[in-house]
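So the chains spell out like this:
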Amino acid sequence: MARMRSAKRTRFVNNTIVHIALAILAIIWVFPIIWVVLTSFRAEKGSYVSTFLPQGYTLDNYVRLFTDTTILNFPKMFVNTLIIAICSCLLSTFYVLAVSYCLSRLRFKLRKPYMNMAMILGLFPGFMSMVAVYFILKALGLSEGGLIRLALILCYSGGAGLGFQIAKGFFDTIPRAIDEAAIIDGCTR
């Protein structure tokens, strides 16, 4: 009985130490984020000041960010980023779901080799193909002018089909009887 209490007490102390260490690490991690947010609301000029907390707070920095386009055209940059992110997200979702469904439900000759190839390609970082992707985009005429958005959307969503593993696992959990019932009701694959 005493040994059990001692083990529980040791476990409690160890858990407490781990929680304290994690709390300290969380504070260290959050500190720069808090500093950046406070700096953005600072009324004083410049970001190099002697105090951590601002002497005064203002929203003028954000108003100037969205209205003053002489130095930085932030509204246009924000809209470009939003368009590229939404289109890439939609295309990537479509690619991942299509590939996952095919690999989960259909049986074809190159199914296993494709899954193995995708697993191996996932080991390499994306920047290794950066030069080749640039030359392909340049050959297609997408590296200049107004088609840069299209090039970015294609680059960001192009490799999405290789990240099918999680969605394939989800499709594997859906019973095939649902597919069969849908086919009987007139649905196609």
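In what follows, the accompanying structure is described. Here the structure is a predicted model, which is why all the values come from computation and not from measurement.

Considering helix α3 (residues 74-105)
Counted at 1.5 Å a residue, the expected span for α3 with its 32 residues is 46 Å, and the 46 Å between its end C-alpha atoms agrees. The complete set of buried residues in α3 reads Ile84, Ser88, Ser92, Val96, Ser100, Leu103, Ser104 and Arg105.

Quick look at the layout of surface pockets
In this structure, the largest pocket occupies an estimated 340 Å³ of space. Surrounding the largest pocket, 15 residues form its lining, Ser129, Val133, Cys155, Gly158 and Gly159 being those nearest its centre. Those elements that place two or more of their residues in the lining of the largest pocket are α5 (130-140) and α6 (148-158). Examining the composition of the lining of the largest pocket, we find that six residues originate from one element, α5, more than from any other. Per-class residue counts for the lining of the largest pocket are ten nonpolar, five polar and no charged. For the second largest pocket, the calculated volume is near 260 Å³. Looking at the second largest pocket, it is lined by twelve residues, and the ones nearest its centre are Thr39, Arg42, Glu44, Asn61 and Arg64. Of the residues belonging to the lining of the second largest pocket, the class tally is one nonpolar, six polar and five charged.

Let's talk about the pattern of salt bridges
For the structure shown, the criterion picks out three salt bridges. Salt-bridge contacts for aspartate 172 lead to lysine 168; the nearest nitrogen and oxygen are separated by 2.8 Å. In this pair, aspartate 172 and lysine 168 both sit in helix α7 (residues 165-173), four residues apart, roughly one turn of the helix.

What about the packing of α3 against α6?
Remark: α3 packs on α6, axes separated minimally by 8 Å, with the N-to-C direction vectors making an angle of 40°. Relative to α6, the crossing made by α3 is right-handed. Of α6, the residues touching α3 (which contributes Asn80, Ile83, Ile84, Cys87, Ser88, Leu91, Ser92 and Tyr95) are Arg149, Leu152, Ile153, Tyr156 and Ser157. Its residues assigned to classes, the contact of α3 with α6 comprises eight nonpolar, four polar and one charged.

Looking at α7
All of the buried residues in α7 are Ala167, Lys168 and Phe171. For α7, the arc enclosing every buried residue in end-on projection is 100°, short of the 170-degree limit, so these residues lie on one face. The outward face of α7, more than 90 degrees from its buried face, is lined by the exposed residues Ile166, Phe170 and Thr173. For α7, the secondary structure elements touched by its buried residues are α3 and α4 (111-121).

Looking at the side chain of arginine 105
Looking at where arginine 105 falls in the secondary structure, it is placed in helix α3. Of note is the side chain of arginine 105, whose polar atom sits 3.2 Å from the backbone oxygen of phenylalanine 171. With sequence-adjacent residues up to four places away left out, arginine 105 is seen in contact with Phe171, Ile174, Pro175, Arg176, Asp179 and Arg189.

Considerations on the environment of threonine 70
Within the element layout of this structure, threonine 70 appears in the loop between α2 (60-67) and α3. For threonine 70, a relative accessible area of 68% gives the class exposed.

Re a nonpolar patch on the surface
Taken together, the side chains of Met117, Ile120, Leu121, Leu123, Phe124, Phe127, Met128, Met130, Val131, Tyr134 and Phe135 present a nonpolar region at the surface, about 1,200 Å² in accessible area. With four residues, α5 is the largest single contributor of residues to the nonpolar patch. Its location among the elements puts valine 131 in helix α5. Under the relative-accessibility criterion, valine 131 is labelled exposed at 54%.

Definitions and limits used
Residues numbered from 1 in each chain as written. Predicted model: local features only at pLDDT ≥ 70, side-chain atom pairs only at ≥ 80, totals over all residues. Heavy atoms only, no water. Helix = DSSP H or I, 4+ residues; strand = E, 2+ residues; numbered from the N terminus. Expected span 1.5 Å × (residues − 1). Buried < 20%, exposed > 50% of the residue type's maximum accessible area, 1.4 Å probe, protein only. 1 Å grid on protein atoms, 1.4 Å probe; cavity = no way out; pocket = protein on both sides within 12 Å on 5 of 7 lines; lining within 4 Å. Points joined across faces, edges and corners; volume = space filled by probe spheres on them. Nonpolar A, V, L, I, M, F, W, Y, C, P; charged D, E, K, R; others polar. Salt bridge = Lys/Arg side-chain N within 4 Å of Asp/Glu carboxyl O. Axes fitted to C-alpha atoms, helices over the stretch in contact; angles between N-to-C directions. Left-handed = near helix turned anticlockwise from the far one by under 90°. Contact = heavy atoms within 4.5 Å. Arc of directions from axis to C-beta. Polar contact = N/O pair within 3.5 Å; in protein donor to acceptor, adjacent residues only side chain to side chain. Patch = residues over 30% accessible without salt bridge, like charges linked within 9 Å, V, L, I, M, F, W, Y side chains within 5 Å. Areas by Shrake-Rupley, 256 points an atom, 1.4 Å probe, with all protein chains shown as cover.

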